[in-house]
Amino acid sequence: EEVKLQLKWVTQAQFAGYYVAAEKGYFTDEGLDVTILPGGPDIAPEQVIAGGGADVIVDWMPAALAAREKGLGLVNIAQPFKHSGMMLTCLKETGITSPDDFKGKTLGVWFFGNEYPFLSWMSKLGIPTDGSEGGVTVLKQGFNVDPLLQKQAACISTMTYNEYWQVIDAGIKPEDLVTFKYEDEGVATLEDGLYVMQDRLADPAFKETMVKFVRAAMKGWKYAEANPDEAAMIVLDNDETGAQTELHQKRMMGEVAKLTAGSNGALDPADYERTVATLLGGGSDPVITKEPEGAYTLEITDAALQ
Amino acid sequence: MNEALVAILFWGVAWGTNGVLANRFPKSRLVRAIVPALFGVTLLVLWQGLVRGLEVSPVILPAPSDIATAIGANLPLLWGDFAQTILKGALAGYLIGCGAAVLVAIAVDRSPFLQRGLLPVGNFVAALPIVGIAPILVMWFGFDWQSKAAVVVVMVFFPVLVNMVAGLAATDALSRDLMATWSASYPQALLKLRLPAALPFLFNGLKIATTLALIGAIVAEFFGSPTRGMGFRISTAVGQLDLPLVWAEITVAALAGSGFYGLIAMIEKAATFWHPSQRGH
Amino acid sequence: MRSPVIDAKNLNLVFETNDGPVQALKDVTLSIERGDFVSFIGPSGCGKTTFLRCIAALEQPTSGSLTVNGISPDEARKARSYGYVFQAAGLYPWRTIAGNVRLPLEIMGYTQAEQAERVRKVLSLVDLEGFGKKFPWQLSGGMQQRASIARALAFDADILLMDEPFGALDEIVRDRLNEELLRLWAATGKTIGFVTHSIPEAVYLSTKIVVMSPRPGRITDVIESPLPKERPLEIRDSAEFLAIAHRVREGLRAGHAYD
Amino acid sequence: MRSPVIDAKNLNLVFETNDGPVQALKDVTLSIERGDFVSFIGPSGCGKTTFLRCIAALEQPTSGSLTVNGISPDEARKARSYGYVFQAAGLYPWRTIAGNVRLPLEIMGYTQAEQAERVRKVLSLVDLEGFGKKFPWQLSGGMQQRASIARALAFDADILLMDEPFGALDEIVRDRLNEELLRLWAATGKTIGFVTHSIPEAVYLSTKIVVMSPRPGRITDVIESPLPKERPLEIRDSAEFLAIAHRVREGLRAGHAYD
Amino acid sequence: MKSILPILSVLAAIVVLWYGGAVWLNSQWTYDQAARAGVEVSFSEMVVDTLRQDRPVLPAPHQVAVGLWQGVAGQAITSKRSLVFHAWVTFSATMAGFGLGTFAGILLAIGIVHSRAMDMSVMPWAIASQTIPILAIAPMVIVVLASLGIKGMVPKAIIAAYLSFFPVLVGMVKGLRAPDAMQLDLLRTYSASQAQGFWKLRLPASMPYLFASLKVGIAAALVGTIVAELPAGATQGLGARLLSGSYYGQTIQIWSALFGAAILAALLVLAVGVIERITLKAKGMAR
Ligand SMILES: Nc1ncnc2c1ncn2[C@@H]1O[C@H](COP(=O)(O)OP(=O)(O)OP(=O)(O)O)[C@@H](O)[C@H]1O
Ligand SMILES: Nc1ncnc2c1ncn2[C@@H]1O[C@H](COP(=O)(O)OP(=O)(O)OP(=O)(O)O)[C@@H](O)[C@H]1O
Ligand SMILES: Cc1ncc(C[n+]2csc(CCO)c2C)c(N)n1
Ligand SMILES: [Mg+2]
Ligand SMILES: [Mg+2]
C-alpha cells in the first residue's frame with residue numbers, strides 16, 4: 001500500500017519521527033510503502049492534499065481549521081506534538097520586558113498560514129496590527145533571522161528548535177535575548193498534527209491504512225525521542241539539499257523531543273478546545289468564525305494504540 | 001462535463017470568426033480591437049468551462065467567475081496593494097534602473113575599454129537569478145518598497161543596457177561616414193545620429209523591462225515585506241487557501257503589466273515612427 | 001606656383017576578405033590643384049569610391065602617401081574641409097528632408113536664421129521646394145539623391161567629393177544640375193572630385209579627367225581639359241569636346257580589354 | 001490582330017501620407033503589345049517605378065483597369081510571368097552572388113544541373129565570372145547591380161521589367177549590356193518594360209518610348225520608334241535616331257516646364 | 001584576446017568595491033557584538049573581523065571563492081553537497097525547458113507572421129502572460145501538475161519553457177519580419193510560395209535576431225528552472241541550494257549557489273554564442 005506524506009517544511013529534525021520510521025522499516029513492517037515529500041515556504045500542504053498529491057499531511061491546526069472553514073474537509077487523525085514550540089524572540093537592548101512593551105515596536109511574523117496564532121495573541125492583548133496608533137508594525141518575516149540581527153525588527157518569530165538557535169549561532173548570547181513562548185502566554189495552538197481528507201475516511205480500507213501509518217509513525221517518534229543523535233543523523237542522510245549541518249540537527253532533535261514528549265499520538269480534546277478558543281477569540285479579526293465540527297477523529301489513534 | 005463541451009464548441013466558433021474578421025478587414029481599427037478581445041474571451045470561457053465541467057477544486061484553480069467576484073469584493077485592498085507594489089516599488093525601480101542603464105550605455109559606447117570589460121561582466125551579473133538577489137537586497141534596503149525598487153533596478157538594468165549599447169552601435173557605415181566628413185563632435189554625433197538610431201533598440205529593452213519590473217517587485221515581496229503589497233497578498237492568500245484572491249492579484253498584475261507595456265509601445269510608436277517595423281509591411 | 005590641394009603618391013589599398021586580399025587601389029599617383037574640377041571615370045569596381053574615401057579619411061591606405069592641403073586627410077576632415085555626396089543617399093529616416101539638409105548646418109553652428117535661409121536655397125537649387133516636410137521614404141530614389149546633394153551643398157566646404165551624384169536623375173535635371181554645379185564652382189573656387197559613368201558629363205564638367213581600370217584598381221589616363229572655364233551646354237557639340245570624349249572612351253575600352 | 005500584353009486604362013494611384021495624399025499616377029492609359037520593348041523616361045518622382053510595380057502586382061492601383069495577358073496582374077504574377085530588376089540591387093546578404101542568381105531557379109524548381117548551367121551563363125553575360133563565390137557586400141555598387149540583372153535573366157519570364165538597371169554602370173559596360181539585351185530580346189521575343197534616364201539608351205533600345213511627367217505622374221507622349229529591329233551601335237548617329245531623341249528631349253523638357 | 005585586460009580591470013574594480021562594501025556592511029555587526037561583550041575594537045580589528053564572519057551581511061570575495069571551491073572540488077561530484085551535482089540537475093531541466101520554449105516560441109512566431117488572425121490575437125496575450133508573476137504561481141503549477149501525475153523534471157521544464165518562449169517569440173517575430181520591402185517584392189515577382197518565402201528569405205534573415213533571443217531565452221530558462229526548484233520540495237538543484245541557504249541565513253552558501261548559477265548561465269550563453277558564430281559564418285553573415 002502506497003502512502004504519500006507531505007511535510008510542512010523542509011527536511012529537518014522537526015520531522016524526525018517519519019524519517020526514522022521509514023529508515024528503521026517500521027512502515028514496511030506494516031506493509032506500507034511511504035513516500036515522504038519535503039515541504040518549503042511556498043508549499044501549502046492543504047493545497048497538495050486537495051490536489052491529490054498526498055494522502056496525509058503534516059499541518060498546524062490553525063491553518064487546517066482555517067482551510068476547513070474554506071470548505072476543504074481536513075480532519076486531524078493524530079497529534080504527535082503535544083506542545084507548541086513557537087515564540088517571539090526579542091533583543092533585550094530594545095527595552096522589551098513584557099508584552100506591554102510591544103506597542104510602537106516592529107515585530108517580525110511568519111505568514112503563509114503561520115500568522116494565525118500571532119494575530120490571536122495580539123487581539124487578546126488588544127494591540128492593533130494594522131499600523132494604527134498604539135499598535136505594532138508587522139513585518140512579513142522572510143526565511144531567516146536576519147531582521148533581528150540587523151535590528152530591522154525588535155522581535156521576530158522563532159521556533160524553540162530552529163530559528164532561536166540560529167540567533168544564538170550568529171553570536172548573540174541568550175542573556176541578550178528576551179523570549180515569549182506562546183504556551184506561556186496562554187495562546188498556544190497545536191502544531192504538527194497529521195491530517196487527511198474527510199471524504200476518504202469513509203473508506204474502511206483507507207482508514208486501515210492510516211491506522212497502520214500512525215502506528216508506525218509514532219513508533220518512529222518514540223525511537224527518535226530515545227535516540228536523538230541517531231535520529232538526527234537519519235534526517236541528515238535524507239536531506240537531499242546537502243545543506244543541513246549535524247550540530248544544528250542534533251540540537252533541533254533535542255528540542256523537538258521536548259515537544260513530542262507528552263504525546264502518544266492521540267489528540268487530547270482539551271488541547272483541541274483550547275486551540276479553537278484561542279482562534280475564535282481573535283477579536284475583530286478572528287481566524288475562524290464558528291466552532292468547527294468533526295475537525296478531528298480519535299478513531300485512528302484508538303485503533304492504532306490499542 | 002457539459003460545460004467543458006460547450007466551452008470547446010465556443011472556442012471553435014470564435015477561432016473561425018476571428019480568422020474571417022482578420023482576413024476580411026485587416027485595416028479596420030474595430031477589428032483590431034475585437035479580435036484579441038474575442039481571443040481573450042475564448043480563453044476565459046474555456047477556463048470557466050473546464051474548471052466547472054471537470055469539477056476542479058477551487059483550492060487548486062478557481063473559475064474566472066470566482067475571480068471576478070473576488071476582485072469586486074476586494075477593490076480597496078487591491079488598490080492598496082497596487083499602490084504599494086507597482087506605483088512605489090516597480091515604478092521607482094524602473095525609472096532609476098532604465099535611466100542608469102542608458103547613461104552607462106553611453107559611457108560604455110564612448111569607451112571601448114569599458115565596452116570590452118563591462119559588457120561581459122555585466123552579462124554575467126545579469127544572469128544572477130532574481131530569487132538569489134532578492135533576499136540579499138531585502139537584507140540591505142529594508143522591508144519597505146525601497147528594497148523592491150532595488151530589485152527592479154537590478155532586473156531592468158542589464159536588458160536595457162545591452163539593448164542600448166547594441167542600439168548605439170547600430171548606425172550604418174554610411175550614416176557614420178557622413179558625420180565623419182562633417183567632423184561632428186562626439187556629443188553632436190550622439191545627439192543627432194546615435195541616439196535617434198538607438199531608439200528602436202532602446203524601446204525593445206524598455207518593453208522587456210516593463211514585465212521584468214512587475215515580476216521583480218512582486219517576487220521581492222516574498223522575501224520580506226510590510227503587510228501589504230501584491231506579492232505579500234499572493235503568498236499570504238495561498239497560505240489561507242484564498243485562491244480567488246490570489247488570482248485577483250494576478251489579474252491586477254497582468255492588467256497593470258499589459259497597460260504598462262502598451263503605454264511604452266505607444267510612446268515607441270510616436271518616437272520611432274520612421275523605423276520600417278513601425279511603418280508596417 | 002600653386003601647391004596641390006590633394007597629393008597622392010603611390011597609394012595602395014588592399015582589402016582583406018575571407019577568400020584572399022583584394023587590391024582596390026594600386027600605385028595611384030595623382031595631384032589635384034586648388035580649384036580643379038576632377039572627374040573619375042572607370043568600370044565598376046575599379047576603385048573610384050575607394051579613392052574618394054581615402055581622400056576624405058574614411059579609408060586608410062595600406063601604403064603610399066596622401067596629403068590634403070599639405071596636411072593629413074584626417075586633419076583636413078577635422079578642419080571641415082569636405083562636402084561628400086555618397087553613392088547612396090543616406091538620409092536619416094527620423095528627419096524630414098529639410099531636417100536632413102539642416103543637419104550639417106546645426107553641427108557646424110550656423111544661426112537659426114541662416115540655417116533656414118540656406119536650406120531654402122539649396123532645396124530650390126535641386127528642385128525640391130515643396131518637399132521639405134516629407135520624410136525620406138516618401139520620396140522616389142532620384143528625389144532622395146537630390147536631397148543628399150542639397151545637404152552637401154548647404155555648407156561651405158573647400159573640397160566637394162561627389163560619388164555618382166546624378167546617376168539616378170534624368171537628362172534634363174542632370175543638365176540643369178551640371179550647369180548649376182559649374183556656376184557654383186566658378187563662384188566659390190571649390191575643388192571638386194566627381195565620380196561619374198557618363199563620358200559627356202565628365203568632359204563637360206572637368207578640368208581634369210582621371211580614367212581608371214580595375215583588377216587591380218589603377219589610373220590609366222589623366223586628361224587635362226583644354227576647354228574654357230565658361231561652358232555653355234552647346235559646347236558639347238564642339239570638335240574639341242568630341243575629341244576629349246573620344247580619348248576617354250578609348251581609355252575606358254582599354255580598361256575593359258581583359259575580357 | 002495582336003492582343004496587348006499589358007493594357008492599362010485610366011489608371012490612378014494615390015499614396016496616403018501623413019501630410020495629405022500624393023497622386024503618383026493619374027489617368028495612365030497605355031497598351032503594350034507582345035514583344036514590345038517599352039522604355040519609360042521622365043523626371044524623378046514622375047511615377048515610373050510605381051507604374052512598373054503596378055504591372056507586377058506589387059502595388060494596387062486606386063482606380064482604373066489593368067490587365068496582363070488578358071488576366072489580372074496578380075494572376076500573371078502567380079503564373080510567373082515576370083522578371084523584375086529593381087532600382088536597388090536587393091541581393092540577399094546571406095547568399096553568395098551565385099546563390100542569389102540561383103534563388104529564382106530554386107524556387108521555380110529547375111534541376112540542380114540546369115541551375116548550375118544557367119548561373120554560369122548569366123554571370124558571364126554580366127561579366128561577373130570570378131565572383132560567384134563572393135558575398136554581396138564584397139562587391140562594388142555597380143557589380144551588385146549587374147548581379148541583380150543576372151538574377152532576373154536566369155529564368156524564362158515572359159515579361160521583363162527593369163527599373164534603371166544600368167544606372168550605376170559605365171558607358172562601355174552599358175553599351176555591351178544594351179547590345180546583349182537587344183540580342184536576348186530578339187532571340188526570346190520577351191516583352192520588356194525598361195526605366196531609364198538616358199535618352200540615347202531609350203531610343204536605342206525601344207520599340208516604344210513613354211515619356212512621363214510628374215505632379216501628378218502622367219504620360220505626356222508615346223513615341224513609336226521607326227527604327228529597324230536590327231540595331232548596330234552606329235545607328236545612334238543616324239538622322240532618324242537623332243530626330244527621335246530630340247522629340248523625347250522636348251517631351252522631357254515640357255515635363256519640367258512647371259519650374 | 002584584446003578583451004582580457006579590460007575585463008580584468010573591471011573585475012579588479014568590482015573586487016575592490018566589494019571588499020569595501022563587505023567592510024562597510026558587516027561593521028555594524030562587529031561593533032554591536034563588541035558593545036554586547038563590552039570591549040572596544042580598533043579599526044584594523046574591525047576590518048579583519050568583517051572579512052571573516054560566519055554570517056556576514058555581505059560575504060567577502062574570498063569567502064565566496066572558498067565556498068564555491070569547496071562546493072565544486074571539495075566533494076565527489078555525485079555527492080549531495082557538491083555544487084556540480086546540483087548544477088547538473090538544474091542544467092538538465094533548463095535544457096529540456098529551453099528546448100520546449102524555443103520550439104513553442106518559433107512555432108508561434110511562424111504562426112503570427114503568416115496568419116493575421118494569430119498576429120492580432122496571440123501577441124497581446126503573450127505579452128499579458130509574461131506579466132503574470134510566474135514565481136507566484138509556480139508552486140500552484142507544481143501542485144496542479146503533480147495532481148495530474150506529472151512530476152520530477154517535467155514541471156520544472158514547463159516553467160522554464162514558460163519563461164523562455166517569450167524572448168524567442170518576440171525576437172523571431174521581429175526577425176521573420178526583418179526582410180525589407182524589396183526583398184519581399186522580389187519573391188512576389190517569382191510567385192514564391194509561403195513555404196519558399198519562409199525557407200529562402202524569412203528564416204535566413206531572422207538568424208541574427210534568433211540568436212540574440214536564444215541568448216536571452218536560455219538565461220530565462222535557467223531562471224525559470226531555479227524558480228521552479230524552490231517549491232519543488234526544495235530537494236535538488238541550484239535553486240534548492242539557494243533557498244536552503246536562505247532558511248539558515250548562510251550568506252556564504254547563498255552567494256556560492258548564486259555564483260554557481262551565474263557561471264552556468266554564462267556558459268550556456270557562451271555556448272549559444274559559439275553556435276551563432278559558426279552558423280553565421282557558414283551563411284556569410286559574419287564579417
Ligand atoms: N569593404 C570591402 N571589403 C572587401 N572588398 C571591397 C570592399 N569595398 C570595396 N571592395 C572591393 O574593392 C574594389 C573597388 O571598389 P569600389 O567600391 O571602390 O569600386 P567603384 O569604382 O566605386 O565601383 P562602382 O562604380 O561600381 O561603384 C572592388 O573590387 C570591390 O569588390
Ligand atoms: N510608399 C510611398 N509613400 C508615399 N509616397 C510615395 C511612396 N512611394 C512613392 N511615392 C511618391 O510617388 C511619386 C512617384 O514615385 P516613383 O518612385 O514612382 O517615382 P520614379 O518615377 O520612379 O522616380 P525616380 O526616377 O526618382 O526613381 C513620388 O512623388 C513619390 O514621392
Ligand atoms: C516563510 C516562512 N514560513 C515559516 C517559517 C518558519 N518555520 C520554520 S519551521 C516551521 C514549522 C513548520 O511546521 C516554521 C513555521 C519560515 N522560516 N519561513
Ligand atoms: Mg562606387
Ligand atoms: Mg524609381
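Above this text you will find the structure in question.
Note that the coordinates shown come from a computational prediction; the quantities given were computed from them, not determined experimentally.

A. Here's a closer look at the environment of Val173(D). Secondary-structure assignment places Val173(D) in helix α6 (residues 171-188). Sequence separation between Val173(D) and Asp127(D) is 46 residues, and the spatial gap between their C-alpha atoms is 8.8 Å.

B. Main features of the packing of aromatic side chains. What the rule picks out here adds up to 34 aromatic pairs over all chains. Judged by centre distance (4.5 Å) and plane angle (55 degrees), the ring pair of Tyr272(A) and Tyr296(A) falls under tilted. Taken together, the residues Tyr272(A) in helix α11 (residues 269-280) and Tyr296(A) in the loop between α11 and α12 (299-305) connect sequence positions 24 residues apart. Here Tyr296(A) falls in the partly exposed class, since its relative accessible area comes to 25%. Taken together, the ring pairs in this structure connect Phe102(A), Trp121(A), Phe180(A) and Tyr182(A) into an aromatic cluster. Across from the ring centre of Tyr204(C), 5.6 Å away, lies the NZ or CZ of Arg236(C), which sits over that ring.

C. Unusual backbone geometry, seen in detail. The backbone of Asp192(A) sits at a positive phi, close to 25 degrees, despite the residue not being glycine. Position of Asp192(A) relative to the elements: it lies in the loop between β9 (177-181) and β10 (193-197). Looking at Asp192(A), the relative accessible area reads 1%, which means it is buried. Phi at Asn10(D) is positive, roughly 50 degrees, even though this residue is not glycine. Within the secondary structure, Asn10(D) sits in strand β1 (residues 4-17).

D. Molecular detail of the site of ligand 1. Around ligand 1 sit 18 residues, and of these Thr49(C), Thr50(C), Gln138(D), Ser140(D) and Gly142(D) come closest. Surrounding ligand 1 are residues belonging to chains C and D, so the site spans chains. The separation between an oxygen atom of ligand 1 and a polar main-chain atom of Gly45(C) is 2.7 Å. Lys48(C) places a side-chain nitrogen or oxygen 2.8 Å from an oxygen atom of ligand 1. Contact with the protein chains hides 85% of the accessible area of ligand 1, taken as 640 Å² for the molecule alone. In terms of residue count, helix α1 (residues 48-55) of chain C provides more of the shell around ligand 1 than any other element does, 3 residues in total. Broken down by class, the residue content of the shell around ligand 1 amounts to 4 nonpolar, 12 polar and 2 charged.

What counts and how
- Residues numbered from 1 in each chain as written.
- Chains lettered and ligands numbered in written order.
- Predicted model: local features only at pLDDT ≥ 70, side-chain atom pairs only at ≥ 80, totals over all residues.
- Heavy atoms only, no water.
- Helix = DSSP H or I, 4+ residues; strand = E, 2+ residues; numbered from the N terminus.
- Phe/Tyr/Trp six-rings, centres within 6.5 Å; stacked < 30°, edge-to-face > 60°.
- Buried < 20%, exposed > 50% of the residue type's maximum accessible area, 1.4 Å probe, protein only.
- Lys NZ or Arg CZ within 6 Å of the ring centre and 35° of its normal.
- Near = heavy atom within 4 Å.
- Polar contact = N/O pair within 3.5 Å; in protein donor to acceptor, adjacent residues only side chain to side chain.
- Areas by Shrake-Rupley, 256 points an atom, 1.4 Å probe, with all protein chains shown as cover.
- Nonpolar A, V, L, I, M, F, W, Y, C, P; charged D, E, K, R; others polar.

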